[in-house]
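# Tertiary structure, described
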Amino acid sequence: MTITPVQDTPQWQALDAHFREMRDVHLRDLFARSPDRAERFTVEGAGVILDYSKNRVTEETLDLLLTLAEERGLRERIDAMFRGDHINVTEDRAVLHTALRLPADAELKVDGEDVVAEVHGVLDRMAVFADQVRSGDWTGHTGRRIRNVINIGIGGSDLGPSMAYTALRDYSERSMTFQFVSNVDATDFAEAVRGLDPAETLFVISSKTFTTLETLTNAHTARDWLVGALGDEAAVAKHFVAVSTNAEKVSEFGIDTDNMFEFWDWVGGRYSYPSAIGLSLMVAIGPDRFREMLEGFHAMDEHFRTTPFDRNLPVLLGLIGIWYDDFFGAETVAVLPYDQYLERFSAYLQQLDMESDGKHVDLDGKPVGVQTGPIVWGQPGTNGQHAFYQLIHQGTKLIPCDFIGFLETLNPLGDHHDLLMANMFAQTEALAFGRDAPEPYRVTKGNQPTNTILCRRLDPRTLGALVALYEHKVFTQGTVWGIDSFDQWGVELGKELARKIIPELQAEEEPELAHDSSTNALIRRYREARGKQAG
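Looking at an unreviewed UniProt entry, one finds the protein named Glucose-6-phosphate isomerase, with Capillimicrobium parvum as its source organism. Entered under Subcellular location (unreviewed entry) in the UniProt record, the comment concerning the protein runs "Cytoplasm". Word for word, the UniProt comment on the protein under Function (unreviewed entry) is "Catalyzes the reversible isomerization of glucose-6-phosphate to fructose-6-phosphate."

### Considering the overall build of the protein
Within the protein, the regular secondary structure consists of 21 helices and 13 strands. Along the three orthogonal principal directions, the C-alpha set of the protein runs to about 75 × 60 × 55 Å. For the protein, the proportion of its 535 residues judged to be buried stands at 54%. In the protein, of all internal contacts separated by at least 6 residues, the share reaching a separation of at least 24 is 73%.

### Description of helix α4 (residues 59-71)
Between its first and last C-alpha atoms α4 spans 18 Å; for 13 residues at 1.5 Å apiece the expected length is 18 Å, and the two agree. Every buried residue belonging to α4 is among Thr61, Leu62, Leu64, Leu65, Leu66, Leu68 and Ala69, and all of these are buried. Here the buried face of α4 lies against α1 (10-22), α5 (74-83), α14 (313-328) and α19 (460-481). Positive backbone phi, at 80°, marks glycine 73, one or two positions downstream of α4.

### Thoughts on the nonpolar core
With 127 residues, the main nonpolar core has Trp266, Tyr273, Trp323, Phe345 and Leu463 as its most contacted residues. Ignoring any residue separated from it by four or fewer positions in sequence, one finds phenylalanine 345 in contact with Met163, Val335, Ile404, Leu466, Val467 and Tyr470. If you look at the next biggest cluster of nonpolar residues, it comprises 23 residues, including Val181, Leu196, Ala235 and Met260.

### What about empty space enclosed by the protein?
Scanning the entire structure with this criterion turns up three cavities of 30 Å³ or more. In this model, the largest cavity occupies a volume close to 160 Å³. Broken down by element, the residue count for the lining of the largest cavity peaks at five residues, all from α14. Residue classes in the lining of the largest cavity are distributed as nine nonpolar, six polar and three charged. The volume enclosed by the second largest cavity comes to roughly 50 Å³. Those elements that place two or more of their residues in the lining of the second largest cavity are β10 (332-337), α15 (345-357) and α19. Class assignment of the residues belonging to the lining of the second largest cavity gives a composition of seven nonpolar, no polar and three charged.

### Some words on the packing of α5 against helix α13 (residues 287-306)
At a closest axis distance of 10 Å, the pairing of α5 and α13 adopts a crossing angle of 140°. Between α5 and α13, the angle is such that the two are oblique. The segment α5 lies against α13, with Arg75, Ile78, Met81 and Phe82 engaging Asp301, Phe304 and Arg305. Of the residues belonging to the contact of α5 with α13, the class tally is four nonpolar, no polar and three charged.

Criteria and cut-off values
- Residues numbered from 1 in each chain as written.
- Predicted model: local features only at pLDDT ≥ 70, side-chain atom pairs only at ≥ 80, totals over all residues.
- Heavy atoms only, no water.
- UniProt positions renumbered as here; feature names shortened; annotations may be inferred.
- Helix = DSSP H or I, 4+ residues; strand = E, 2+ residues; numbered from the N terminus.
- Buried < 20%, exposed > 50% of the residue type's maximum accessible area, 1.4 Å probe, protein only.
- Contact = heavy atoms within 4.5 Å.
- Expected span 1.5 Å × (residues − 1).
- Core = buried A, V, L, I, M, F, W, Y, C linked by side-chain atoms within 4.5 Å.
- 1 Å grid on protein atoms, 1.4 Å probe; cavity = no way out; pocket = protein on both sides within 12 Å on 5 of 7 lines; lining within 4 Å.
- Points joined across faces, edges and corners; volume = space filled by probe spheres on them.
- Nonpolar A, V, L, I, M, F, W, Y, C, P; charged D, E, K, R; others polar.
- Axes fitted to C-alpha atoms, helices over the stretch in contact; angles between N-to-C directions.
- Parallel < 35°, antiparallel > 145°, perpendicular 65-115°, else oblique.

Structure, rendered in structure tokens:
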């Protein structure tokens, strides 16, 4: 294929000319000109309300951005993704995380196979297992019920289920504990199992190939911990299950392959937690709640697939993000949920966005001539107000912000929710309009752009819709930039070098080092500290 560099298109050049007219326009003036601005710049879909009126955009800005999206083939690219075309070009794969949340009566054939039937077959097996664990029918090696579930994975095999468990903790089985171990740092595992009874602990090992270094290192440590306590290798079969496609490796580990739950190459890791990767989450919240979450995903998928772009939430979020990223030069976006249950949401979005759109070449392998994916960061609610909001209000950087709030709280205690939401609304107002003052240090210039995302309450369906909203926002931006949002080759080099350095750190005799002088010196210093001095 031949991709025209986005900066060379007439639509981009028209936006650049428009930007020169808009860059000094203040939100105060935009609101003064249009008393009904909030109404005209608010859209709703899949139970999510988006007020994007506090952005430095006009109808002309939006028209130009929407024209750009059309000319960059966004409609065709959306259809190709939902159809199962191999749009992940560097790995020659379909991109079908949306198939994970299709209803059971749907049909989608990819390479001759009905993937919906496969998906629901695995979901049904997951549901049987989850019910067995939750009811106590599944017992450990000594006959005691499982009270602790520890998910061991990394990247998408950890960030998704751990974020979703935290977000949906109010719906979880509170008689059980759930932990998530990802870091190869031994502290992560040691703290997760501290105080737990091995006889009541189940491990979910999530690794597609069952060869991932960090995951398998932690899995073997878990195995040693369990067998050391229970004194019987046979205990592994009752305390470990696998989410994988490598039955041979799973069996070698000692896990009964009847307790292996599969997923597919057409699901990227960062999009995978609605699949078997979410097994620990399903145990926590139950199969019915898990399916409600899938319904929320599907509702936003359908909104994205069918809604005209000028009312399409992910499209609008994506295009407004490009406006700031590439024309105003903003390098970050803050995602600020006003709900403590979403404390892991920004961390989850970091992988979703930065691994997807952190690319420097286009689909033709040529350098991208504009800035691509932003740095994503944030933390919940009023905590951030007493930390980094000062920089957003009075600093010198432009930091677009997404504020996420809920009309109802899951924990109605006194005036807490009124105070929380008053703070959220106040912050978007203050960022937009600022304040004049006689003392320069009290002046806040405002004109800081924000999106306000509102939902009724944080429940499984809403969480699914919110995650899908950001998935499709990222896809929209990748399409405009002309990049492959579904590969992640950038992480390979570090892995390759780590595999080379591991034996150099562990060798008894001084190894022959061929790294740069800094890396060689660091390796030698580490070996010396571990008592492995030069021979």
